[in-house]
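Listed below, chain by chain, are the residues.
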Amino acid sequence: MFPYPSGQGLHVGHPEGYTASDIIARYKRMNGFNVLHPIGWDAFGLPAEQYAIKTGTHPRITTEANIANFKRQIKSLGFSYDWDREINTTDPNYYKWTQWIFLQLYKRGLAYVAEAPVNWCPALGTVLANEEVIDGKSEVGGYEVIRKPMRQWMLKITAYAERLLEDLDGLDWPERIKAMQRNWIGRSLGAEVDFALAPETAVHGNIRVFTTRPDTLFGATFLVLSPEHALVKAITTPECRKAVEDYCEQAAKKSDLERTDLAKTKTGVFTGAYAINPVNNKPTPIWIADYVLSTYGTGAIMSVPGHDTRDYDFAKAFNLPIIEVIQGGDLSKEAYTGDGLHVNSGFLDGLNVPDGKKKMTEWLEEHKVGKASINYKLRDWLFSRQRYWGEPFPILWDKNHQHHPLPEEQLPLTLPEVQSYEPSGTGESPLANITEWLKVGDMTRETNTMPQWAGSCWYYLRYIDPNNSEAPFSQANEKYWMPVDFYIGGAEHAVLHLLYARFWHKVLYDIGLVHTKEPFQKLFNQGMILAYSYKDQHGAYVHVDDVQKTENGAVRKSTGEPLTMQIEKMSKSRGNVVNPDDVVRDYGADSLRLYEMFMGPLDQVKPWDPDGVSGVNRFLARCWKLLVAQNEDKLHERVVDEPCDAETEMIRNVTIRKVGEDIENLRFNTGISAMMVYINALEKLPKVPRIAAETLVLVLSPYAPHIAEELWQMLGHTDCVSLAPWPKYDPAKCERNTVTIAVQVVGKMRGTFDIDRNAPEEEMVAAAKAIPAVARQLEGKNIVKTIIVPGKIINFIAK
RNA sequence: GCCGGGGUGGCGAAAUGGUAGACGCAGGAGACUUAAAAUCUUCUGUCCCCUGUGGACGUGCGGGUUCAAGUCCCGCCUCCGGCACCA
């Protein structure tokens, strides 16, 4: 576990994953495993910094207070964390190694400086992180955000694109997370094609395009360059210069949002220049349009309006020719992107799309005008932030603007104290104003800091050796503990954190510091917990504390006004936040834990039901009342040292098996219901055999450790139930001697009967026919066939 | 549009192709109580009748496979999440 310690404290969504992992940890310990179940703090980040800007409080102070509050809450829930391994990304002893890992990337050429467009907010005078930009506006204040190129540190994650994609296959992760990562990496197989500039062009050379449809080359009726393409200026003819310059200027001003999400109508201008289609030597006009992205492929495309919807829209808008090269569609209406036979395509005519792609790629390579090529949507990782509350880069700049790594023995490079947390105003971080920190001889320190993802990229490795001052972690510990066997977290980290961490892990693998290609073998996402919210007639939210449920639905407590109810995300503004502190106060930590698990399947989104907590609380109370004498602090006299009767022994064995299997398979909700079934049976007994009682306490203990420890002591034990071994079951005892057989006539249920599980078939058939309802259905009919499934069902096929 | 995951009582849900609705919530009836809360017992998918050891229907919709389908196959509808001018 590695939460961000926010000022809001825990909400009931946090303990869902925490409880699940704690149950597994406790269960595995009881089964003799050495379990590493750690917790630490991902404590750099924006909220503390924003608070610092507003109030002048050092982010360290805020962070420490928030961590203290989180710890208090987490400890109140009884999670069996190894607190000796607690780590904190803002601790110099930790970020020393974050900086050290950065230097390893730097040394391998995986960190570089580039002029990259960033989110510049003129109103705030600062650069914003992507997550601070909502729908093209700053999260704070709602000011306009534009794209502005600035000097940035980049990490070359694209060098690992193929491996990041390939190695997903071997992971036990939810399919949707793998799908999201595959989608994000976005591998496309296609070809690069060179179009030579026409002889009359001002410059000579090629325009290289990337296409996934080389087979449609005969249908390419124009080329489109992105406004940022390097050749735009050089090839534009004098007549077109003004229009092109205007267009490029406009495009530069637009935010990404305006260029993509909002602008579905195509815009563009003609450059006046032509290129030669290598396959048929036809002069092809070159256009500029901002629907072509400079950051993907070669920043230039061949446009095949007949068989690409975007090109079709563009051709229609500017009245450019559309040629059919694949049969099957109606080009007067729309582009045809499906499969079909090639036409108007010379040597490809008659081939289908896959064969056409192959043949054209071969032709391009043979004639040296193109080659097969793979492209990825994945971009390099913009790794710097112009902020205070992050890891400083261990980098020095010399007078010639060359960067140099800080020697490793000088790590950690700690954050200096600053007077103000405000951005410097130039787009640089507040560190730029701390002259005594900034100047090192005639060198200058890098003033950017690392993004929050940096510290969380490798925390799981620090857990295995949290106090090591010689290395990020020891090799022996890495061999012993890695990889992470089970990682539970929210789906919001599906791509960013989980992709970045996989990237760093692979770099560490290449360096030889870790022995597995992947950090997290098994991943599971808990579903979000939602809650009922209430609105009045005007649509205004009414806080749940002011809501009363009546026969006619929810009403406002104070006025009786009827309210509408809906299930939504918990938030302060909706007045539907459930605070775990309140649940612990009213019902205790065990009830909270149990209810979190009982609500439904762990991976499902589900609403919090306040009445549901009282349900599991009742269950725990019944466990207590079964074993403990009323108003006395001792074992109830109905608990006796006697063996179980056959029925009790059967259900006891079934319960051990079911609860254990359900923990292994993360089906905590059905495991709890198995315990409920078990106690329902025990409550009916006049005497409770001690072994039956102990079994109950043992299987309950991973879920509800507090009450289980108390009951364990009542049962006379002096050691902890948490240290007791998980009970064993006998598969032979999990079956009854008599079984209930269902009887169907022509597939319809007509009754049941009980019989010895080993009874001969004739006896079963006779018993089945003896059921009055069955006999009635069979009356006057011939039994054509009798299907007997031993121990389960008999089906008479009668006419 | 593309990708991924769902749709079962009033609600949360359960069901290796073999008794649909376990377990819990809410609700009804009863016990205890001066009373209420708490607790305990019991009923509770819908509909029909001759009130039973009864019948019909029922897992988003329409087909199919099978002795038997919530579960498998084909075609739809719909909701949620992600991505989205990536050529």
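Residues numbered from 1 in each chain as written. Chains lettered and ligands numbered in written order. Predicted model: local features only at pLDDT ≥ 70, side-chain atom pairs only at ≥ 80, totals over all residues. Heavy atoms only, no water.

Attention shifts here to the overall build of chain A. Looking only at helices and strands, one finds 25 helices and 33 strands in chain A. Across the 799 residues in chain A, those meeting the buried criterion constitute 51%. When contacts within chain A are restricted to residue pairs at least 6 apart in sequence, long-range pairs at least 24 apart make up 68% of them. Of the roughly 37,400 Å² of accessible surface on chain A, 51% is carried by carbon and sulfur atoms. (Helix = DSSP H or I, 4+ residues; strand = E, 2+ residues; numbered from the N terminus. Buried < 20%, exposed > 50% of the residue type's maximum accessible area, 1.4 Å probe, protein only. Contact = heavy atoms within 4.5 Å. Areas by Shrake-Rupley, 256 points an atom, 1.4 Å probe, with all protein chains shown as cover.)

As a further point, take the nonpolar core. Generally speaking, soluble globular proteins have nonpolar side chains that are buried together. If you look at the biggest cluster of nonpolar residues, it comprises 78 residues, and the most contacted ones within it are I74, W608, F619, L627, I663, F668 and Y703. In terms of residue count, the dominant contributor to this core is helix α21 (residues 668-683) (eight residues). Leave out the neighbours within four places in its chain, and L627 touches K634, L635, H636, R638, V639, A693, V697 and L711. If you look at the next biggest cluster of nonpolar residues, it comprises 76 residues, including L110, L171, M443 and Y463. (Core = buried A, V, L, I, M, F, W, Y, C linked by side-chain atoms within 4.5 Å.)

Taken in spatial order, the four strands make up an open sheet running β31-β30-β33-β32, and their pairing is mixed. Edge positions in the sheet fall to β31 (748-756) and β32 (783-789), since each has one partner strand and no second. In this sheet, adjacent strand axes meet at a mean angle of 20° when their direction is disregarded. Strand contacts of helix α24 (residues 761-769): β30 (738-745), β31, β32 and β33 (793-798), with the helix running at about 70° to β33, the strand carrying the most contacts. (Pairing = 2+ DSSP bridges. Axes fitted to C-alpha atoms, helices over the stretch in contact; angles between N-to-C directions.)

Relative placement of two packed helices is described by the angle separating their axes and the distance separating the axes. One way to put it is that helix α18 (residues 589-598) packs onto helix α23 (residues 705-714) with a least axis distance of 7 Å and a crossing angle of 125°. By the angle class used here, α18 and α23 are oblique. Between α18 and α23, the contacting residues are A589, D590 and R593 on the first element and P705, H706 and I707 on the second. Classifying every residue of the contact of α18 with α23 gives three nonpolar, one polar and two charged. (Parallel < 35°, antiparallel > 145°, perpendicular 65-115°, else oblique. Nonpolar A, V, L, I, M, F, W, Y, C, P; charged D, E, K, R; others polar.)

Another point: the pairing of β31. Strand direction decides the pairing type here: β30 and β31, joined by eight bridges, are antiparallel. Note that in β31 the partner of T738 across the bridge is D756. Hairpin connection of β30 to β31: two residues between the antiparallel strands, including V746 at a positive phi of 50°.

Further remarks concern the pattern of salt bridges. One pass over the structure, following the stated rule, counts 42 salt bridges. Note that K371 and E192 form a salt bridge whose closest N and O atoms lie 3.2 Å from each other. With K371 in strand β14 (residues 370-376) and E192 in strand β8 (residues 187-197), this pair connects stretches of sequence that are 179 residues apart. Judged by relative accessible area, E192 falls into the buried class, the value being 14%. We note a salt bridge from R556 to D546, for which the minimum N-O separation is 3.4 Å. Remark: D546 occurs in the loop between β23 (541-542) and β24 (547-550) and R556 occurs in strand β25 (residues 553-556); sequence separation between them is 10 residues. One salt-bridge network, in which partners are shared between bridges, spans D167, R502, K506 and E518. (Salt bridge = Lys/Arg side-chain N within 4 Å of Asp/Glu carboxyl O.)

Further remarks concern the state of the cysteines. All chains considered together, the criterion is met by zero disulfides. No disulfide involves C248; its nearest neighbouring cysteine sulfur is the one of C240, lying 12 Å away. Distance from the sulfur of C623, which forms no disulfide, to the nearest cysteine sulfur (C644) is 16 Å. You can call C623 buried: its relative accessible area is 0%. (Disulfide = S-S within 2.5 Å.)

So, on to the packing of α21 against helix α22 (residues 690-700). The N-to-C vectors of α21 and α22 enclose an angle of 160°; their axes lie 11 Å apart at closest approach. In terms of orientation, α21 lies roughly antiparallel with respect to α22. The handedness of the crossing between α21 and α22 is left-handed. In contact with M675, Y678, I679 and L682 of α21, α22 contributes A692, T695, L696, V699 and L700. The residue inventory of the contact of α21 with α22, partitioned by class, reads eight nonpolar, one polar and no charged. (Left-handed = near helix turned anticlockwise from the far one by under 90°.)

The next subject is the side chain of D167. Inspection of the secondary structure assignment puts D167 in the loop between α5 (161-166) and α6 (175-185). A polar atom in the side chain of D167 sits 2.5 Å from the side chain of K506. D167 has contacts with R502, K506, K517 and E518, leaving out every residue within four places of it along the chain. (Polar contact = N/O pair within 3.5 Å; in protein donor to acceptor, adjacent residues only side chain to side chain.)

Another point: α6. Taken together, the buried positions of α6 are occupied by I177, K178, Q181 and I185. Looking down the long axis of α6, one finds its buried residues gathered within 100° of arc, a one-sided arrangement. Projecting away from the buried face of α6 at angles above 90 degrees are the exposed residues E175 and N183. Tucked into the core, α6 has its buried residues touching α5, β8, β14, α16 (496-511) and β21 (523-525). At the exit of α6 stands G186, carrying a positive phi of roughly 55°. (Arc of directions from axis to C-beta.)

Further remarks concern unusual backbone geometry. What is expected of a backbone is that most residues other than glycine have negative phi and most peptide bonds are trans. Omega for the peptide link from L411 to P412 comes to 0°, which places this bond in the cis form. Mapped onto the fold, P412 is located in the loop between β17 (403-405) and α12 (435-438). Backbone geometry at N631 places phi at a positive 60°, although glycine is not the residue there.

Turning to the pairing of strand β12 (residues 283-288), a few remarks are in order. Counting buried positions over the six residues of β12 gives five, a clear majority of the element. Relative to β12, strand β11 (residues 269-276) runs antiparallel, the two being bridged by five bridges. Of the residues in β12, the one forming a bridge with F270 is W287. Linking two consecutive strands that pair antiparallel, namely β11 and β12, is a turn of six residues; a positive phi of about 60° is found at N281 within it.

One open sheet holds the four strands; their spatial order is β17-β16-β19-β18, and the pairing between them is antiparallel. Of all the strands in the sheet, just β17 and β18 (439-440) have a single pairing partner and so form its edges. The pairing of strand β16 (residues 395-397) with strand β19 (residues 443-445) spans two bridges and is classified as antiparallel. Across the sheet, residue L396 finds its bridge partner in β19, namely R445.

What helix α10 (residues 309-318) keeps buried is the set D311, Y312, F314 and A315. All buried residues of α10 fall inside an arc of 165° around its axis, so they share one side. Looking at the buried residues of α10, the elements they touch are β10 (222-225), β12 and β13 (300-303). Once α10 finishes, N319 follows within two positions and takes phi at roughly 60°, a positive value.

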